[in-house]
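Structure assessment
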Amino acid sequence: MYLYDDIDRRMLADRAQEFRAQCARRLAGEINEDQFKPLRLMNGLYLQLHAYMLRIAIPYGTLSADQLRALAHVARTYDKGYGHFTTRTNLQLHWIKLRDAPDILDHLAEVGLHAIQTSGNCIRNLTADPYAGAAGDEVDDSRVWAEVIRQWSTFHPEFSYLPRKFKIAVTASPTDRAATRIYDIGLRLYRDADGELAFEVGVGGGLGRLPYIGAVIRERLPVRHLLSFLQAILRVYNLHGRRDNIHKARIKVLVASLGPDELARQVEAEWEASDKAAADLPHAELARIRAGFMPTGFEALPAVSRRFEAAKADSRALARFARHNLAPHKQPGYTIVHVSLKAIGETPGDCSADQMDLVADLADRYSHGEIRVAYEQNLILPHVKLDDVPDVHAALDAAGLATPNIALISDIIACPGLDYCALANARAIPVAQDIARRFADPDLAEKIGELKIKISGCINACGHHHVGHIGILGVDKKGEEYYQLSLGGSGEGDASIAQILGPAVPAARVAPFIDDLVGVYLAERRDGERFLDTVRRTGLAPFKAAAYADAH
Amino acid sequence: MLRVLTANRLIDGEVVFWSGQDWTESFAKALVFEDDGSAEASETAAKTEVTRLVDPYLIEVMEMGGRFAPVSFRERLRALGPTNKLDHGKQAVGGADIAILAQAQGAARSKGRVDLIRRK
């Protein structure tokens, strides 16, 4: 994978040193909290309910084994021995002390990690396809382009004080595994009729208070013009995005008020008038970055592994794991292995320091030293030989990391919610735990099939509830936790915003409610239909009738 | 109205309460104000302790069998710790003071959250 160069290393060391001095000034009373808060936020340090929270960037969800070990070390030394992977593929540590933060940034900088672009009104840490470099269906490695944008956007002086935060996602596959349609800019790379790489550019997606699916403002952007075109979009947004109302400041509101056609016209005009050559990446620099992602060390193997097939025949657990936690690799004889951070009854996305060390060791031994973070809050070993899957499965299983539930009903996205977050209205984690326990039977989960439940503890929607097949939003009813359910959302290629089912229910009613919804689906579904397909075909009526039957 | 003064400690973010003499990590040791004048005077004084505290504010509490608990669930969570990891946070020490907080019912909006949203 791409390794940071001297410029990056110096930048991170300088940044850590700068933050150390800022912390010292705050503790000495030379600056007050109002002055310090934006500085600590620019280094990913939030003050939450019980302690400070450090949000560590994992650029485009790619980690080396050494970086994951460093995260384990930080979690063990400065936190309570675990971390929480988020829907932005970052890692949050929830029990950080301000006095330790400078030392933590030093540790992270030593392995090329940091907390830059994890807060503030800048271009945030990029998201890319977690299968990049391994997926059989990709036209290119999306991390190459994510890294190009990272180098361009980090500390970009023109775009450091935007009207609001700005998130970009990149995919290079027809299957969208990076939720690009709910991003401020979603870049989808494809090969055009001439075989040339081009981007489809979507703008104005986003969740939160005002959920929108992004609109395509350019169907074909030659890849050489990526940075000049991004610059044009950001310039139009920087000039016209609202700064008078935080709830209307994201680019999605600008797109909605101007209309996608008018926004596209303004972006094209800005782009035509700009000095493209000054902004676009020189070919040699692109080649240098691309070289950092060149695949190495794949062996020529048969497409079918006798060892793996025999082991599956002997073990129902391994066979089930193979059905749900593996994905096809572009290289014959290899596979992509999902490490589930959704063990039944555990906190979605949480990973202990010992588990991080184990996954790092497995990555070194079996996956070219690489780990990926998926926005669904799971980890991925991207390059595992089929021959090695039985060993990898056994090691993961022993550590509680092999729950065979990827994309099933217990693979629930949940934000930290009111258990940790100062902004939350209601808890999300216990709701996820309740539902997972109710559907703990793996045969039942398999019978139900793909069903994506996403839970947010407030309208900011870190848990992506708007794009859940079932979305659950925690609301505050005079200080009591209630949950509003919605159906029919998707954050993937067929993106849609879920529709609210009916009045919010108290916490204890949520899991039984899900039971009712699943019952309707199992009764109504036609051959091959996922839960989402059935909801789209029938509409909400049968689900509403069953779930609120008691209310009539 | 019964109230307690709370804040997060600057150096480590720990939730603290005003005991009448000093800042304590234990809700059970918090001073319960019965009159608005002294509560608000203490809040004003706390706001000058800028090198020790972040965002001091008053929370409403209720009496429960001779002890007290915050009325707001959010504030009970701050006084206890997260519900998904009962060995983390203040609740880890256990005992009667913690048990009372864990059993308390009651609901109200937290001024801490309202202030945070307003400032955002």
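Residues numbered from 1 in each chain as written. Chains lettered and ligands numbered in written order. Predicted model: local features only at pLDDT ≥ 70, side-chain atom pairs only at ≥ 80, totals over all residues.

1. Focus: the interface of chain B and chain A
Listed per partner, the contact involves 27 residues of chain B and 27 residues of chain A. Secondary structure elements with two or more residues in the side of chain B that touches chain A: helix H2 (73-80) and helix H4 (111-119) of chain B. With 4 residues, H2 of chain B is the single largest residue contributor to the side of chain B that touches chain A. When its residues are assigned to classes, the side of chain B that touches chain A shows 11 nonpolar, 9 polar and 7 charged. (Contact = placed C-beta atoms within 7 Å. Helix = DSSP H or I, 4+ residues; strand = E, 2+ residues; numbered from the N terminus. Nonpolar A, V, L, I, M, F, W, Y, C, P; charged D, E, K, R; others polar.)

2. Some words on the environment of Pro102 of chain A
Residues and elements named next belong to chain A. Turning to its location among the elements, Pro102 is positioned in helix H4 (residues 101-110). Considered as a pair, Pro102 and Gly292 are 190 residues apart in the sequence and their alpha carbons are 29 Å apart. When near neighbours in sequence (up to four residues on either side) are disregarded, Pro102 contacts Ala16, Phe19, Arg20 and Cys23.

3. Structural notes on the domain arrangement of chain A
Domain parsing of chain A yields domain 1 (6-110), domain 2 (142-291), domain 3 (306-398) and domain 4 (424-551). Contacts between the two partners involve 10 residues from domain 2 of chain A and, on the opposite side, 12 residues from domain 4 of chain A. (Domains from an automatic or database assignment.)

4. Looking at the sheet that holds strand S15 (residues 378-385) of chain A
Residues and elements named next belong to chain A. Spatial strand order, S3-S14-S15-S12-S11: 5 strands in an open sheet with antiparallel pairing. Each edge of the sheet is formed by a strand with only one pairing partner; in this case those strands are strand S3 (62-64) and strand S11 (326-328). Averaged over all adjacent pairs, the angle separating strand axes in this sheet is 30°, with direction ignored. Examined bridge by bridge, S11 and strand S12 (residues 334-339) share 3 bridges and lie antiparallel to one another. Paired with Leu326 across the two strands is Val337, which belongs to S12. Of the strands in this sheet, S3 and strand S14 (370-374) touch helix H3 (residues 65-78), which is tilted by about 85° from S3. Of the strands in this sheet, S12, S14 and S15 are in contact with helix H13 (residues 353-366), which crosses S15 at around 20°. (Pairing = 2+ DSSP bridges. Axes fitted to C-alpha atoms, helices over the stretch in contact; angles between N-to-C directions.)

5. Regarding the sheet that holds strand S3 (residues 23-24) of chain B
Hydrogen bonds along the backbone pair up the strands of a sheet, which may run parallel or antiparallel. Spatial strand order, S3-S2-S1-S4-S5 (chain B): 5 strands in an open sheet with antiparallel pairing. Looking along the sheet, the strands with just one partner apiece sit at the ends: S3 and strand S5 (67-70) of chain B.

6. Let's talk about the confidence of the model for chain B
Confidence along chain B averages 94 in pLDDT terms, with 99% of residues attaining 70 or more. Listed scores for the predicted complex are pTM 0.97 and ipTM 0.96. (pLDDT = per-residue confidence, 0-100.)

7. Overview of the packing of helix H7 (residues 251-258) of chain A against helix H8 (residues 260-273) of chain A
Residue and element names in this part refer to chain A. In the contact formed by H7 and H8, the axes pass within 6 Å of each other and the chain directions differ by 110°. Taken as axis vectors, H7 and H8 run roughly perpendicular relative to one another. The segment H7 lies against H8, with Leu254, Val255 and Leu258 engaging Pro260, Glu262 and Leu263. Grouping the amino acids of the contact of H7 with H8 by side-chain chemistry returns 5 nonpolar, no polar and 1 charged. (Parallel < 35°, antiparallel > 145°, perpendicular 65-115°, else oblique.)

8. A few points about unusual backbone geometry
Even without glycine at this site, Ala407 of chain A takes up a positive phi of about 70°. Relative to the helices and strands, Ala407 of chain A is located in the loop between helix H14 (389-398) and strand S16 (413-414).

9. Some remarks on helix H18 (residues 531-538) of chain A
Residue and element names in this part refer to chain A. If you check which residues of H18 are buried, you get Phe531, Leu532, Thr534 and Val535. For H18, the angular spread of the buried residues around the axis is 165°, confining them to a single face. Buried residues along H18 sit in contact with strand S19 (480-487), helix H17 (507-524) and helix H19 (541-547). Where H18 terminates, the next one or two residues include Gly539, which has phi positive at roughly 80°. (Buried ≥ 20, exposed ≤ 12 C-beta atoms within 10 Å, placed from the backbone. Arc of directions from axis to C-beta.)

10. Here we look at the nonpolar core
All names here are of chain A. Ranked by internal contacts, the top residues of the largest apolar core, which has 201 residues, are Tyr52, Leu54, Ile233 and Val359. Looking at this core, the element that brings in the most residues is helix H6 (residues 226-240), giving 8 residues. Discounting chain neighbours no more than four positions away, the residues touching Val359 are Leu68, Val339, Ile371 and Leu379. (Core = buried A, V, L, I, M, F, W, Y, C linked by C-beta atoms within 7 Å.)

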